[in-house]
Amino acid sequence: KQGLVKTRQNFVDKVGELLTGRRKIDEELYEALEEALIRSDAGVNTAMELVEKLRREVKNRKLTEAQELREVLQELVADLLGAGKPLNLAEPGPTVILVVGVNGVGKTTTIGKLANYFRREGKRVILAAGDTFRAAAIDQLEIWGERSGAEVVKQKEGADPAAVAFDAIQAAKSRQADVVLMDTAGRLHNKVNLMEELRKVKRVITREIPAAPHEVLLVLDATTGQNAIQQAKLFRETAGVTGIVLTKLDGTAKGGVVLGIQGEVRIPVKWIGIGEGMDDLRPFVPQDFAAALFS
Ligand code: GDP
């Protein structure tokens, strides 16, 4: 699969090579597998859980050779990843999507890519410049607005993000927009304020449209491995995340972190970023991902 070359190679090198040939299934193999899964960034708990299930299947199916484990592990990984979850879209619109995440993970780029995706479907899109803390963030969003053909609602640097949210929703209602993509601040060094701010933005959105936000997408940088999982836990508690966008999968061998996210955070990955361009966003298809890891 495009963009997953490094992840696949890493997984095949670490996990796949243990599952070839007529090597016997024994305690040593289980331990090596667990370690390989951890090293491919699946996370300790998830690795342990997968190996536990593998043991059970080996017993049930009376398997004896390592190569027979390959198919079973692929099934278990596919199982762990679950069925893909599509975006929750409001009919009629506007659908409000709040995009959260720490600075630098690719949040603005992802908003641009999503805007492009919806525009291509013929939808009317509004981008809300809710990261009012950084002037550069507002400028960046305007660039993506121009590129994708989406309208940008903004205020001055330092304005209240909740006020921007309010404006964006009024604009969406009066112009009959289909989708509002709302950017948010991501300065993690001030966690309490950040989370307070997100809650306030959410409150304003819900007051204007009771079923909104329809999605809270958390953007995570795959190259940060276990840090991404920590961020997911933090935002899950405080922002009510409904889906994850995992960026920079093109530049990393750490795609195994998808397993860790599912195993330890249990929030569905909905999109993956595989480059810096406007088209470098793909819906995440769990079965394809599992198959790619073992192909
Ligand atoms: P923000 O601070 O979270 O808004 O991050 P930006 O959207 O400004 O992105 C930070 C950097 O990551 C930029 O150089 C982007 O081009 C880059 N980036 C974002 N997504 C991807 C991706 O999927 N793949 C790669 N290779 N780079 C990405």
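Here is a short report on the structure shown in this document. (Residues numbered from 1 in each chain as written. Predicted model: local features only at pLDDT ≥ 70, side-chain atom pairs only at ≥ 80, totals over all residues. Heavy atoms only, no water.)

## With respect to the sheet that holds strand β2 (residues 125–128)
Move 1: If you trace the eight strands from one edge of the open sheet to the other, you get β3-β2-β4-β1-β5-β6-β7-β8, paired in mixed fashion. Lying at the two open borders of the sheet, with one neighbouring strand each, are β3 (151–153) and β8 (281–283). Each adjacent strand pair in this sheet contributes to an overall mean axis angle of 25 degrees, direction not counted.
Move 2: Bridge count for strand β5 (residues 215–221) against strand β6 (residues 243–247) is five bridges, and the pairing is parallel. Opposite L218, over in β6, you have I244 as the bridge partner.
Move 3: Most of the contacts of helix α6 (residues 135–148) go to β2, to which it runs at about 170 degrees, and overall it touches β2 and β3. (Pairing = 2+ DSSP bridges. Helix = DSSP H or I, 4+ residues; strand = E, 2+ residues; numbered from the N terminus. Axes fitted to C-alpha atoms, helices over the stretch in contact; angles between N-to-C directions. Contact = heavy atoms within 4.5 Å.)

## A look at the packing of helix α1 (residues 5–14) against helix α11 (residues 286–294)
Move 1: For the pair α1 and α11, the least separation of the axes is 8 Å and the interaxial angle reads 55 degrees. What the angle tells us is that α1 and α11 run oblique. Across the interface between the two elements, T7, R8, F11 and V12 from α1 touch F289, A292, L293 and F294 from α11.
Move 2: A class-by-class count of the residues in the contact of α1 with α11 yields six nonpolar, one polar and one charged. (Parallel < 35°, antiparallel > 145°, perpendicular 65-115°, else oblique. Nonpolar A, V, L, I, M, F, W, Y, C, P; charged D, E, K, R; others polar.)

## What about a nonpolar patch on the surface?
Move 1: On the surface, I38, V44 and M48 cluster together to form a nonpolar patch covering roughly 240 Å² of accessible area.
Move 2: Considering the arrangement of structural elements, one finds V44 in helix α3 (residues 44–61).
Move 3: The class of V44 is partly exposed, set by a relative accessible area of 46%. (Patch = residues over 30% accessible without salt bridge, like charges linked within 9 Å, V, L, I, M, F, W, Y side chains within 5 Å. Areas by Shrake-Rupley, 256 points an atom, 1.4 Å probe, with all protein chains shown as cover. Salt bridge = Lys/Arg side-chain N within 4 Å of Asp/Glu carboxyl O. Buried < 20%, exposed > 50% of the residue type's maximum accessible area, 1.4 Å probe, protein only.)

## Describing the site of the ligand
Move 1: Around the ligand sit 16 residues, and of these G104, K107, T108, T109 and E276 come closest.
Move 2: Take T109: an N or O atom from its side chain is 2.6 Å from an oxygen atom of the ligand.
Move 3: Starting from 580 Å² of accessible surface for the ligand in isolation, the protein chains cover 77%.
Move 4: With four residues, helix α5 (residues 107–120) is the single largest residue contributor to the shell around the ligand.
Move 5: Partitioning the shell around the ligand into residue classes produces three nonpolar, seven polar and six charged. (Near = heavy atom within 4 Å. Polar contact = N/O pair within 3.5 Å; in protein donor to acceptor, adjacent residues only side chain to side chain.)

## Focus on the nonpolar core
Move 1: Core analysis: the largest hydrophobic core is formed by 101 residues, its most contacted members being L181, F235 and L246.
Move 2: Excluding residues that lie within four positions of it along the chain, F235 makes contacts with V100, G101, V102, L194, M195, L198, L218, G240 and V241. (Core = buried A, V, L, I, M, F, W, Y, C linked by side-chain atoms within 4.5 Å.)

## Things to note about the packing of aromatic side chains
Move 1: Throughout the structure, instances matching the rule amount to four aromatic pairs.
Move 2: When the centroid spacing of 5.2 Å and the interplanar angle of 70 degrees are considered together, the rings of Y117 and F118 count as edge-to-face.
Move 3: You can call Y117 partly exposed: its relative accessible area is 32%.
Move 4: Residue F118 is classed as buried on the basis of its relative accessible area of 1%.
Move 5: Ring centres of F284 and F289 lie 5.3 Å apart, and the angle between their planes is 55 degrees; this geometry places the pair in the tilted category. Each member of the pair F284 and F289 is classed as buried.
Move 6: One aromatic cluster is present, built from ring pairs that chain together Y117, F118 and W271. (Phe/Tyr/Trp six-rings, centres within 6.5 Å; stacked < 30°, edge-to-face > 60°.)

## Some points on α11
Because the α-helix completes a turn every 3.6 residues, residues three or four places apart line up on one side.
Move 1: Along α11, the positions that sit buried rather than exposed are P286, F289, A290, A292, L293 and F294.
Move 2: Packing partners of the buried residues in α11 comprise α1, α4 (69–81) and α10 (257–264).

## What to know about the packing of helix α9 (residues 226–239) against α10
Move 1: At their nearest, the axes of α9 and α10 sit 10 Å apart, and the two run at 30 degrees to each other. Both α9 and α10 take part in a crossing whose hand is right-handed. Residues I229, K233 and R236 of α9 lie in contact with α10, whose contacting residues are V257, G260, I261 and E264.
Move 2: Considered class by class, the residues forming the contact of α9 with α10 number three nonpolar, one polar and three charged. (Left-handed = near helix turned anticlockwise from the far one by under 90°.)

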